[in-house]
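In case you want the letters, here they are:
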Amino acid sequence: MEKFKVKDASLAAKGHLQIEWASKHMPVLNQIKERFNKEKPLKGLTLGACLHVTKETAVLVDAFTAGGAKVALCGSNPLSTQDDVAAALAEKGVNVFAWREQTTEEYYWCVERAIDQKPVITLDDGADLVGTIHGKRTEALSNIKGGTEETTTGVLRLRSMEKIRALKYAIIAVNDAYTKYLFDNRYGTGQSTIDGILRATNTLLAGKNFVVCGYGWCARGIAMRAQGMGANVTVTEVNPLRALEAAMNGFHVMPIIEAARIGDIFVTSTGDISVIRKEHMQEMKDGAILANSGHFNVEISIKDLEELAASKRSIRPNLEEYKLNDGRRLYLLAEGRLVNLAAAEGHPSEVMDMSFANQALCTEYLAKNEKMPPKVHQVPKEIDETVARLKLNAMKIEMDELTEEQKKYLATWEMGTI
Ligand SMILES: NC(=O)c1ccc[n+]([C@@H]2O[C@H](COP(=O)([O-])OP(=O)(O)OC[C@H]3O[C@@H](n4cnc5c(N)ncnc54)[C@H](O)[C@@H]3O)[C@@H](O)[C@H]2O)c1
């Protein structure tokens, strides 16, 4: 059995430095790692993880190893692996199967190599690992006690499986913890998406018409940060509550077909398919830039773009120019894959500190408790609150506590107007 496969093992030294830098900004995960090191709650367990192979994921893997686990890791996107980090992990003895710029076949080959290691607990980001186990590799199911899911799209897919009773083991929806989506999806995606667009294009945001498709947790962050840099932000939505919220937060709201005519930069983050498609591309201005920050590369229809294009060329890393028959040029970033991970480095470590603290504590929860029913479960409230408290402590922020009078008052109904 292959122990690992990475692009270039000689990049390990560079990777160790990256991991060290991330770790310095992940105090919550480090506290958990210290406890794991003493208590060994994961002793003898094999974890199968399908996560973006970034420096922050390496810090999570270190915490698991400190807790006594063996980790098999594959990437959760063909374009998001940091090759130096993958090399460093391989040198540490992790069964890592990941490199940047994979074909779809190579991507799933890596997922299967993680399954070969016979995981007892799975960690997923987008549910491709769970999907493969439930489809092609059902023999792995008998060994598995439970799993976790990192992102909105993965949770949606798992809930669809649960609905038709196809889900065969318990998954904790890490994405749905407050200490995950309120910070990771909003501030993490907000900042790193802008970072990815700027690294790919070095374009000026001030004064540009910036169109954000969706107004969920990720898109809120992207809209907020683009506005902060001086862009005129337009939001497109299909949910009336979110459209209303966007309008009251000061954004223009309109259908994508109208936004298509005015936008200079478009970013999708909906978890949906074909949000930007042929009829919209036909309306776009010459020079429009298209990027996606939702989980899969289906939000911008690449097929439609290819069909409309007379020619295509690569301008610089992560920036493809599509020249249309009428001479207009549209620019696609990072092949329509997660722009923040493909063209930048993903979320800042400080944010992943909380997301991965949830991953670490939920994995411990699955290991310590009886096998749970095969459903999508919420992150236990105690875990969410623990992560928030640890983060506040790390940030040296203190808060108030309820007095006895206040506790009593909040628990009664008798007292009204006085
Ligand atoms: N880039 C990253 O690092 C990162 C991080 C976290 C999550 N994600 C992914 O980003 C996506 C969005 O996540 P979220 O947490 O914001 O989800 P969310 O459910 O909070 O929001 C999605 C929004 O998109 C809207 N929407 C759906 N179809 C639409 C359409 N056709 N046009 C306009 N709006 C539409 C929905 O109404 C909803 O308001 C998911 O795929 C998620 O997995 C990416």
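Above this text is the structure in question.
It should be emphasised that the depicted structure is a prediction, and the values quoted were computed from it without experimental measurement. (Residues numbered from 1 in each chain as written. Predicted model: local features only at pLDDT ≥ 70, side-chain atom pairs only at ≥ 80, totals over all residues. Heavy atoms only, no water.)

For the rest of this paragraph, the subject is the sheet that holds strand 15 (residues 376-377). Here 7 strands make up an open sheet; going across it, the order is 3-2-1-4-5-6-15 and the pairing parallel. Looking at which strands have only one partner, the edges of the open sheet turn out to be strand 3 (95-97) and strand 15. (Pairing = 2+ DSSP bridges. Helix = DSSP H or I, 4+ residues; strand = E, 2+ residues; numbered from the N terminus.)

This part takes up the packing of helix 1 (residues 12-24) against helix 4 (residues 83-91). In the contact formed by helix 1 and helix 4, the axes pass within 7 Å of each other and the chain directions differ by 95 degrees. If you check the angle between helix 1 and helix 4, you find them roughly perpendicular. Counting all contacts with helix 1, which are made through A12, K14, G15, H16, Q18 and I19, the residues of helix 4 involved are D84, V85, A87, A88 and E91. Within the contact of helix 1 with helix 4, the residues separate by chemical class into 5 nonpolar, 3 polar and 3 charged. (Axes fitted to C-alpha atoms, helices over the stretch in contact; angles between N-to-C directions. Parallel < 35°, antiparallel > 145°, perpendicular 65-115°, else oblique. Contact = heavy atoms within 4.5 Å. Nonpolar A, V, L, I, M, F, W, Y, C, P; charged D, E, K, R; others polar.)

Not every one of the 26 residues close to the ligand is listed here, only the nearest: T151, T152, T153, E237 and N340. Measuring from a nitrogen atom of the ligand, one finds a backbone N or O atom of S293 at 2.9 Å. Between the ligand and the protein, one listed contact pairs an oxygen atom with a side-chain N or O atom of N340 at 2.8 Å. Protein burial of the ligand: of its 870 Å² of free accessible surface, 87% is covered by the chains. (Near = heavy atom within 4 Å. Polar contact = N/O pair within 3.5 Å; in protein donor to acceptor, adjacent residues only side chain to side chain. Areas by Shrake-Rupley, 256 points an atom, 1.4 Å probe, with all protein chains shown as cover.)

This next bit is on helix 1. For helix 1, built from 13 residues, the straight-helix expectation of 18 Å at 1.5 Å per residue is met to within 8% by its first-to-last C-alpha distance of 18 Å. Along helix 1, the positions that sit buried rather than exposed are A12, G15, I19, A22 and S23. Buried residues of helix 1 fall within an arc of 95 degrees about the axis and therefore sit on the same side. With respect to the buried face of helix 1, the exposed residues turned more than 90 degrees away are A13, K14, L17, E20, W21 and K24. Those residues of helix 1 hidden inside the fold are in contact with helix 2 (27-39), helix 3 (55-66), helix 4 and helix 15 (349-368). (Expected span 1.5 Å × (residues − 1). Buried < 20%, exposed > 50% of the residue type's maximum accessible area, 1.4 Å probe, protein only. Arc of directions from axis to C-beta.)

The element strand 14 (residues 329-333) is largely enclosed, with a buried count of 4 among its 5 residues. Where strand 11 (residues 289-292) and strand 14 come together, 2 bridges link them in parallel fashion. Residue pairing for strand 14: L290 is matched across the bridge by L332. Here 5 bridges tie strand 13 (residues 319-324) to strand 14, and the two strands are oriented antiparallel to one another. In the sheet register, E320 faces strand 14, and the bridge partner there is L332. The turn joining strand 13 and strand 14, which pair antiparallel and follow one another in sequence, is formed by 4 residues; a positive phi near 95 degrees is taken by G327.

The biggest cluster of nonpolar side chains holds 52 residues, and the ones touching the most others in it are L29, L42, L47, F64, L73, L89 and V96. Element by element, the count of residues in this core is highest for helix 15, at 9 residues. When near neighbours in sequence (up to four residues on either side) are disregarded, L73 contacts A49, L51, V53, T57, V61, L89, V94, N95, V96 and F97. (Core = buried A, V, L, I, M, F, W, Y, C linked by side-chain atoms within 4.5 Å.)

The end-to-end C-alpha separation of helix 16 (residues 381-394) is 20 Å, in line with the 20 Å expected for 14 residues at 1.5 Å each. Buried residues of helix 16: I383, D384, V387, L390 and K391, and no others. Along the long axis of helix 16, the arc covered by the buried residues comes to 135 degrees, so they all point the same way. Looking at helix 16, the residues exposed on the side facing more than 90 degrees away from the buried face are K381, E382 and N393. On its buried face, helix 16 sits against helix 2, helix 8 (178-201) and helix 15. Remark: K396 follows helix 16 within two positions and exhibits a positive phi of approximately 55 degrees.

Moving on, we get to the side chain of T193. Secondary-structure assignment places T193 in helix 8. Exposure remark for T193: the relative accessible area of 0% places this residue in the buried category. Side chain to side chain, T193 and S293 meet in a polar contact 2.7 Å long. If sequence neighbours within four positions are ignored, T193 has contacts with I222, V267, S293, V339 and N340.

This part covers the packing of aromatic side chains. A full pass over the atoms with the stated rule returns 7 aromatic pairs. Note on Y107 and Y108: the rings are 5.0 Å apart at their centroids and 80 degrees apart in plane angle, and the pair reads as edge-to-face. The exposure class of Y107 is buried, given its relative accessible area of 4%. Taken together, a centroid distance of 5.8 Å and an interplanar angle of 65 degrees make the contact between Y215 and F251 edge-to-face. One end of the pair, Y215, is in the loop between strand 7 (209-213) and helix 9 (217-228); the other, F251, is in the loop between helix 10 (240-248) and strand 9 (252-253), with 36 residues separating them in the sequence. Taken as a pair, Y215 and F251 share a single burial class, namely buried. The ring centre of W109 lies 5.3 Å from the NZ or CZ of K5, which sits over that ring. The ring of W217 carries the charged tip of R220 above its face, separated from the ring centre by 4.1 Å. (Phe/Tyr/Trp six-rings, centres within 6.5 Å; stacked < 30°, edge-to-face > 60°. Lys NZ or Arg CZ within 6 Å of the ring centre and 35° of its normal.)

The next thing to look at is the environment of E306. Structurally, E306 is set in helix 13 (residues 302-308). Exposure remark for E306: the relative accessible area of 38% places this residue in the partly exposed category. Taking the C-alpha atoms as reference, E306 lies 9.7 Å from K323; in sequence the two are 17 residues apart. Sequence-distant contacts of E306, that is, excluding residues within four places in its chain, are made with K312 and Y322. A polar atom in the side chain of E306 sits 3.3 Å from the side chain of Y322.

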